[in-house]
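An overview of the molecular structure
So the chains spell out like this:
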Amino acid sequence: MITAQDLHEEFQFPQDTESQLSSDADLEDPDGRNAKTGRGMGAKRGRKVLGDKAKSGGAGRVTGAGWVNGLHKENGIENMSLFEVVKVGRSATQSVVDDWIEAYKQDRDMALLELINFFIQCSGCKGAVSEEMFRHMQNSEIIRKMTEEFDEDSGDYPLTLSGPQWKRFRINFCDFIAVLVRQCQYSIIYDEYMMDTVISLLTGLSDSQVRAFRHTSTLAAMKLMTALVNVALNLSINMDNTQRQYEAERNKVIAKRANDRLELLLQKRKELQENQDDIENMMNAIFKGVFVHRYRDAIAEIRAICIEEIGVWMKLYSDAFLNDSYLKYVGWTMHDKQGEVRLKCLTALQGLYYNRELGARLELFTSRFKDRIVSMTLDREYDVAVQAVKLLTLILQSSDEVLTAEDCESVYHLVYSAHRPIAVSAGEFLFK
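Residues numbered from 1 in each chain as written. Predicted model: local features only at pLDDT ≥ 70, side-chain atom pairs only at ≥ 80, totals over all residues. Heavy atoms only, no water.

By the naming in an unreviewed UniProt entry, the protein is Cohesin subunit SA, taken from Ilyodon furcidens. Recorded in UniProt under Function (unreviewed entry), the annotation for the protein is "Component of cohesin complex, a complex required for the cohesion of sister chromatids after DNA replication. The cohesin complex apparently forms a large proteinaceous ring within which sister chromatids can be trapped. At anaphase, the complex is cleaved and dissociates from chromatin, allowing sister chromatids to segregate." As stated in UniProt under Subunit (unreviewed entry), the record for the protein gives "Part of the cohesin complex which is composed of a heterodimer between a SMC1 protein (SMC1A or SMC1B) and SMC3, which are attached via their hinge domain, and RAD21 which link them at their heads, and one STAG protein." (UniProt positions renumbered as here; feature names shortened; annotations may be inferred.)

**Let's talk about the overall build of the protein**
The number of helices and strands found in the protein is 19 helices and 3 strands. Sequence separation of at least 24 residues holds for 73% of the intrachain contacts in the protein that already meet a minimum separation of 6. As presented, the protein carries roughly 19,800 Å² of accessible surface, and 47% of it is formed by carbon and sulfur atoms. (Helix = DSSP H or I, 4+ residues; strand = E, 2+ residues; numbered from the N terminus. Contact = heavy atoms within 4.5 Å. Areas by Shrake-Rupley, 256 points an atom, 1.4 Å probe, with all protein chains shown as cover.)

**Description of helix α17 (residues 382–398)**
For an α-helix the count is 3.6 residues per turn, leaving residues at separations of three or four pointing the same way. For α17, spanning 17 residues, the distance from its first C-alpha to its last is 25 Å, which sits close to the expected 24 Å at 1.5 Å a residue. The buried fraction of α17 amounts to 12 of the 17 residues, a majority that puts the element mostly inside the structure. Among the residues of α17, those classed as buried are Val 384, Ala 385, Val 386, Gln 387, Ala 388, Val 389, Leu 391, Leu 392, Thr 393, Leu 394, Ile 395 and Leu 396. Residues of α17 that are buried in the fold lie against α14 (339–353), α16 (363–375), α18 (405–412) and α19 (420–431). (Expected span 1.5 Å × (residues − 1). Buried < 20%, exposed > 50% of the residue type's maximum accessible area, 1.4 Å probe, protein only.)

**Notes on empty space enclosed by the protein**
Under the definition given, this model contains 1 cavity of 30 Å³ or more. Estimated volume of the largest cavity: approximately 40 Å³. Lining the largest cavity are Leu 115, Phe 119, Ile 177, Leu 180, Met 194, Met 195, Val 198, Leu 202, Ala 220 and Leu 224. If one sorts the elements of the lining of the largest cavity by residue count, helix α8 (residues 194–206) sits on top with 4 residues. Looking at the lining of the largest cavity, its residues break down into 10 nonpolar, no polar and no charged. (1 Å grid on protein atoms, 1.4 Å probe; cavity = no way out; pocket = protein on both sides within 12 Å on 5 of 7 lines; lining within 4 Å. Points joined across faces, edges and corners; volume = space filled by probe spheres on them. Nonpolar A, V, L, I, M, F, W, Y, C, P; charged D, E, K, R; others polar.)

**Concerning the pattern of salt bridges**
A complete count under the given rule lists 15 salt bridges for this structure. Its salt-bridge partner being Glu 301, residue Arg 170 comes within 3.7 Å of it at the nearest N-O pair. You can see Arg 170 sitting in helix α7 (residues 164–184) and its partner Glu 301 sitting in helix α11 (residues 300–316), a full 131 residues away along the chain. The class for Glu 301 is partly exposed, based on a relative accessible area of 26%. Arg 214 is the partner of Asp 297 in a salt bridge, and the nearest nitrogen-oxygen pair spans 2.6 Å. Of this pair, Asp 297 sits in the loop between α10 (259–294) and α11 while Arg 214 is found in helix α9 (residues 211–250), placing the two residues 83 residues apart along the sequence. (Salt bridge = Lys/Arg side-chain N within 4 Å of Asp/Glu carboxyl O.)

**Observations regarding the packing of α8 against α9**
Close contact between α8 and α9 brings their axes to 8 Å; oriented N to C, the two are set at 140 degrees. If you check the angle between α8 and α9, you find them oblique. Remark: the crossing between α8 and α9 carries left-handed chirality. Where α8 approaches α9, its residues Met 195, Val 198, Ile 199, Leu 202, Leu 205 and Ser 206 are matched on the opposing element by Phe 213, Arg 214, Ser 217, Thr 218, Ala 220, Ala 221, Leu 224 and Leu 228. Of the residues in the contact of α8 with α9, the class split is 10 nonpolar, 3 polar and 1 charged. (Axes fitted to C-alpha atoms, helices over the stretch in contact; angles between N-to-C directions. Parallel < 35°, antiparallel > 145°, perpendicular 65-115°, else oblique. Left-handed = near helix turned anticlockwise from the far one by under 90°.)

**Let's talk about unusual backbone geometry**
The backbone of Glu 192 shows a phi angle near 60 degrees, a positive value even though the residue is not glycine. Judged by relative accessible area, Glu 192 falls into the partly exposed class, the value being 38%.

**Here we look at the confidence of the model for the protein**
Overall, the prediction assigns the protein a mean pLDDT of 82, with 81% of residues at 70 or greater. Low pLDDT, under 50, characterises residues 1–65; the stretch is placed with 173 contacts to residues that sit more than four places away or in other chains. (pLDDT = per-residue confidence, 0-100.)

**Side note on the environment of Gly 339**
For Gly 339, the location among the structural elements is in helix α14. By relative accessible area, which is 10% here, Gly 339 ends up buried. Between the C-alpha atom of Gly 339 and that of Asp 379, which follows or precedes it by 40 residues, the distance is 8.7 Å. With residues near it in sequence (within four places) discarded, Gly 339 still touches Glu 381 and Val 384.

**Focus on α14**
Its 15 residues place the ends of α14 21 Å apart at the C-alpha level, agreeing with the 21 Å of an ideal helix rising 1.5 Å per residue. Listed in full, the buried residues belonging to α14 are Gly 339, Val 341, Arg 342, Cys 345, Leu 346, Ala 348, Leu 349, Gln 350, Gly 351, Leu 352 and Tyr 353. Of the surrounding secondary structure, the elements contacted by the buried residues of α14 are α11, α13 (324–333), α15 (356–359), α16 and α17.

Below, the structure written as structure tokens:
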């Protein structure tokens, strides 16, 4: 599994984000949190840029099932790009992904080109990456070329457009990424080509000065990370099960011991460990290449995306992510200037404190940030104040020794608040 130690052997945080929550000084909100910063991309093994191509795999066109000349064939009538398929939402996501995987197996360069253009189009860019560009240009050159072709005059792009169609688009977009990883997790996700290319692209786009690129690629990268966390969790469970089976077989008396089975279990454990290492490299690359810089982006919605997803990782895979090296980002962001971001912090923490087993592992975080949570019950944004009171209620349930009498009294008087949801939340706190 990925641990804090493993993560920080992988890369060093910038000086303003030290990797261990060892003192109060470490937890102070870094200066210039919302400044944009230029960052590169890297991982344990050298990652390919978009222009690097493997020796195998020809040019040609995508000819996988359901695809004609790089376009998805739906109902045998019309050819649609991946973007159009996701936008319209008429096809089942899994069938679209399965068709893309078949296309990738036949010609991975052309299938990847379609996937790259999918992310470019989802950002609202009218330009397209050509086969020639994909083969001969570096990642940074491709992104610069797409930036030149981007029409920023309108300021609108798919993730910001209103209406039911575009709300569905966001859901379909996130689902597509989750299903893509899920369907690839037993095969091409480990070929050191597909994921390297996608992570490299999203990391480069997330550092763009174009808001649409930065917003869309950050959402994609965070959902990609969440999907990889699910894969890592499954691998961890399988490794534990394999280890138990191995030990049970080894502990049998020699006459009943099956040496062939022992050898198979050893081989399976080795393969699972190799896969786990690969997934950790991918997660490390996304975390350091995207999250560490975008959680303090100038755009509030981008910051909110990052905090929402790190809360998911900590809840999903607590053994790897529920530690102070990750919690500190949520703690720092509780001071964010925008209410929507502060709200994401509180809801992320509620998901953790709701589980008493997890709540017991939050003692250091609680002691350091408790005062901030208490002060948020008086937040100028009513929604934030309500969720702060609800979070304190969960903290109170997890341990009756954390909150002082003074802390509790500051919540009690809120039962008289003119804002009814706050008064109701305070009443529930008082009842507990």
